Amino acid sequence: MDKLLIEGGVPLSGEVSISGAKNAALPLICAALLTDRPLTLSNVPHLNDVTTMLRLLVQMGVDVTLDERNSLVLNACGLNRPEAPYDMVKTMRASILTLGPLLARAGRARVSLPGGCAIGARPVDIHIRGLQAMGADICVEHGYILAQAQRLRGARIFCDLVTVTGTENLMMAAALADGTTVIENAAREPEVVDLANCLNAMGAKVSGAGGDIVTVEGVERLAGAEHRIMPDRIETGTFLVAAAVTGGRVRLNGTHCGILDAVVEKLREAGARIDCHRDSIEISADGPLSAVSLRTAPYPAFPTDMQAQFMALNCVARGTGVITETIFENRFMHAQELRRLGADIEISGNTTVVKGVPRLDGATVMATDLRASACLVVAGLVARGETLIDRIYHLDRGYEHIEEKLSQLGARIRRVH
Ligand code: EPZ
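All figures in this text were calculated on a predicted structure; none of them were measured in a lab.

Draft legend 1. Representation of the site of the ligand within the structure. The full set close to the ligand counts 20 residues, and Asp-125, Thr-163, Thr-165, Asp-305 and Ile-327 are the nearest of them. Val-164 is positioned with one of its backbone polar atoms (N or O) 2.8 Å from an oxygen atom of the ligand. One nitrogen or oxygen atom from the main chain of Ile-327 is found 2.6 Å from an oxygen atom belonging to the ligand. Burial of the ligand by the protein chains amounts to 88% of its free accessible area of 830 Å². Contributions of two or more residues to the shell around the ligand are made by helix H1 (22-31), helix H5 (125-133), helix H6 (164-175) and helix H12 (370-382). Looking at the shell around the ligand residue by residue, the classes come out as nine nonpolar, five polar and six charged.

Draft legend 2. Seen up close, the nonpolar core. Met-134, Met-171, Leu-199, Leu-267, Phe-310 and Leu-338 are the most contacted members of the largest nonpolar core, which has 152 residues in total. If sequence neighbours within four positions are ignored, Leu-338 has contacts with Met-311, Ala-312, Cys-315, Ala-343, Ile-345, Cys-375, Leu-376 and Ala-379.

Draft legend 3. Examining the state of the cysteines more closely. By the definition in use, this model includes one disulfide. Each sulfur in the disulfide pair Cys-257 and Cys-276 lies 2.0 Å from the other. Between Cys-257 and Cys-276, the S-S dihedral sits near -85 degrees, and the bridge is therefore left-handed. Taken together, the residues Cys-257 in the loop between strand E15 (249-253) and helix H9 (261-270) and Cys-276 in strand E16 (residues 273-276) connect sequence positions 19 residues apart. Relative accessible area serves as the criterion here: at 38%, Cys-276 is assigned to the partly exposed category. Unpaired in this structure, Cys-30 has its nearest cysteine sulfur neighbour in Cys-198, at a distance of 12 Å.

Draft legend 4. Representation of the packing of aromatic side chains in the model. Tallying each qualifying case throughout the model produces one aromatic pair. Taking 5.0 Å as the distance between ring centres and 90 degrees as the angle between the ring planes, the aromatic pair formed by Phe-302 and Phe-310 counts as edge-to-face. You'll find Phe-302 and Phe-310 in the same group, each marked buried. The ring of Tyr-144 carries the charged tip of Arg-110 above its face, separated from the ring centre by 3.8 Å.

Draft legend 5. Expanded view of the environment of Ala-32. Along the chain, Ala-32 falls in the loop between H1 and strand E3 (39-42). For Ala-32, a relative accessible area of 0% corresponds to the buried category. Considered as a pair, Ala-32 and Ala-225 are 193 residues apart in the sequence and their alpha carbons are 9.4 Å apart. If we skip the residues at most four places from it in the chain, Ala-32 touches Leu-39, Leu-74 and Ala-76.

Draft legend 6. Summary view of the side chain of Glu-403. Here Glu-403 shows up in helix H14 (residues 402-408). Here Arg-415 takes part through its side chain, which lies 2.7 Å from a polar atom of the side chain of Glu-403. Ignoring sequence-local partners within four residues, the contact set of Glu-403 consists of Leu-4, Ile-413 and Arg-415.

Draft legend 7. A look at H6. Over its 12 residues, H6 extends 17 Å from the first C-alpha to the last, a length consistent with the 16 Å expected when each residue adds 1.5 Å. Within the sequence span of H6, burial applies to Gly-166, Thr-167, Glu-168, Asn-169, Leu-170, Met-171, Met-172, Ala-173, Ala-174 and Ala-175. Capping of H6 at its N-terminal end is provided by Thr-163; its side-chain oxygen lies 2.9 Å from the backbone amide nitrogen of Gly-166.

Draft legend 8. Quick peek at the packing of H1 against helix H2 (residues 48-58). It is at 10 Å that the axes of H1 and H2 come closest, and there the two elements cross at 5 degrees. Taken together, the axes of H1 and H2 lie roughly parallel to each other. Along the contact surface, H1 presents Lys-22, Ala-25, Leu-26, Ile-29 and Cys-30, while H2 presents Asp-49, Val-50, Met-53, Leu-54 and Leu-57. A per-class count over the contact of H1 with H2 returns eight nonpolar, no polar and two charged.

Draft legend 9. Structural view of the pattern of salt bridges. In the structure shown here, the tally under the stated rule is 25 salt bridges. The salt bridge involving Lys-22 is made with Asp-49; its shortest N-O contact spans 3.9 Å. In this pair, Lys-22 is assigned in helix H1 and Asp-49 in helix H2, connecting sequence segments 27 residues apart. The class for Lys-22 is buried, based on a relative accessible area of 9%. A salt bridge links Asp-361 to Arg-384, with the shortest nitrogen-to-oxygen separation between them at 3.2 Å. You can see Asp-361 sitting in the loop between strand E21 (351-355) and strand E22 (364-366) and its partner Arg-384 sitting in the loop between H12 and strand E23 (386-390), a full 23 residues away along the chain. In this structure Asp-361 comes out as partly exposed when scored by relative accessible area, which is 29%. Counted as one network, the salt bridges with shared partners bring together Asp-2, Asp-396, Glu-403 and Arg-415.

Conventions and cut-offs
- Residues numbered from 1 in each chain as written.
- Predicted model: local features only at pLDDT ≥ 70, side-chain atom pairs only at ≥ 80, totals over all residues.
- Heavy atoms only, no water.
- Near = heavy atom within 4 Å.
- Polar contact = N/O pair within 3.5 Å; in protein donor to acceptor, adjacent residues only side chain to side chain.
- Areas by Shrake-Rupley, 256 points an atom, 1.4 Å probe, with all protein chains shown as cover.
- Helix = DSSP H or I, 4+ residues; strand = E, 2+ residues; numbered from the N terminus.
- Nonpolar A, V, L, I, M, F, W, Y, C, P; charged D, E, K, R; others polar.
- Core = buried A, V, L, I, M, F, W, Y, C linked by side-chain atoms within 4.5 Å.
- Buried < 20%, exposed > 50% of the residue type's maximum accessible area, 1.4 Å probe, protein only.
- Contact = heavy atoms within 4.5 Å.
- Disulfide = S-S within 2.5 Å.
- Phe/Tyr/Trp six-rings, centres within 6.5 Å; stacked < 30°, edge-to-face > 60°.
- Lys NZ or Arg CZ within 6 Å of the ring centre and 35° of its normal.
- Expected span 1.5 Å × (residues − 1).
- Axes fitted to C-alpha atoms, helices over the stretch in contact; angles between N-to-C directions.
- Parallel < 35°, antiparallel > 145°, perpendicular 65-115°, else oblique.
- Salt bridge = Lys/Arg side-chain N within 4 Å of Asp/Glu carboxyl O.

Okay, structure coming up:
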């Protein structure tokens, strides 16, 4: 099992490119199921989760190739097995995003219920209730969602909770439904907007994406399209935090501030200097940062996927920061690992109080989930001495060649087998 070995204390400097967004790529790949024409996606990140999703679609009968510009060409004209088996879904919950498109295109689907995961129970009841509102017959048997529908019909759907993949699933299902669907209390994340833009390029009629009411006028069929995947705002945020805590000066290319304003504001509040450009971000920080308090919430508020990284920042900042996690019920597992590095963290329910300490000391720690892994990398970059991070397969799900990019910025980091 691979590990990452980091020698901390080096201020990051230089520039790196940000990859395409994992959480945009996954629904966009599923959108290919909606048509028998080719969908071409560029700026696809090379991530384990993307590979898993492509393998899932290939076993459904989808043709996946790379074109001469290294763009992904997906063609679901040969779709013949509208199923997402447990052994593939258990490694990646986002497989639930095949449910809506399969129902809309093939009229039936057999998708394994995603199990829970480290950060929470992660139910999909809102996905299911929304599809039932559109006329789908759905039952759950032996761990599988069995769904069928002659043709989905437009409906008015209210999401009890703001759900990103729930909004995306319902948007894709509605694209081919008979009539108009209104999704209320929709997720406003940029990845939802990226998907809506791609669906419209394919001939769908989606309006209001990015707001909390999304309207989809169903059409008979969708065409192919070419779509460039948006930059990954969580990779962007992770590198910004790494640059700030190490007191470095870094430029991130192929990304922009407008997709993570809440994170940029918090970093400025902590004392970092950030310059926003059309297609890049520059950040610099000298001297210790000030601790910040934050509360995670749906976009455009502070993203839960950046909570762990900011806990690492607060560990070595001046003062005390209070972090409240409102999205997932078990997303503080990185805290006990940070304590092994010398952090001063008190947990009380969904709130942690982090008191900055003068220094963290390297140790062996264990990654527990994707963003917790990123938090431990950030902490390792600033801890004195060596930090060895185990179970970094979590990291490889959502960060493309992270140790290569960090090495490019001067970090002393390497993968050990
Ligand atoms: C997406 O997960 C992201 N994944 C997550 O990123 C991200 O943390 C999350 O949104 C919140 O922003 C992808 O986009 C592939 P939700 P998702 O449905 O859609 C509850 C990462 O690190 N809920 O928005 O699964 C749920 O339990 C990952 O890249 C229901 O109760 O999250 C949670 O408390 C981690 N019933 C809240 O809503 C439902 O049917 C928000 O979850 C659906 C969700």
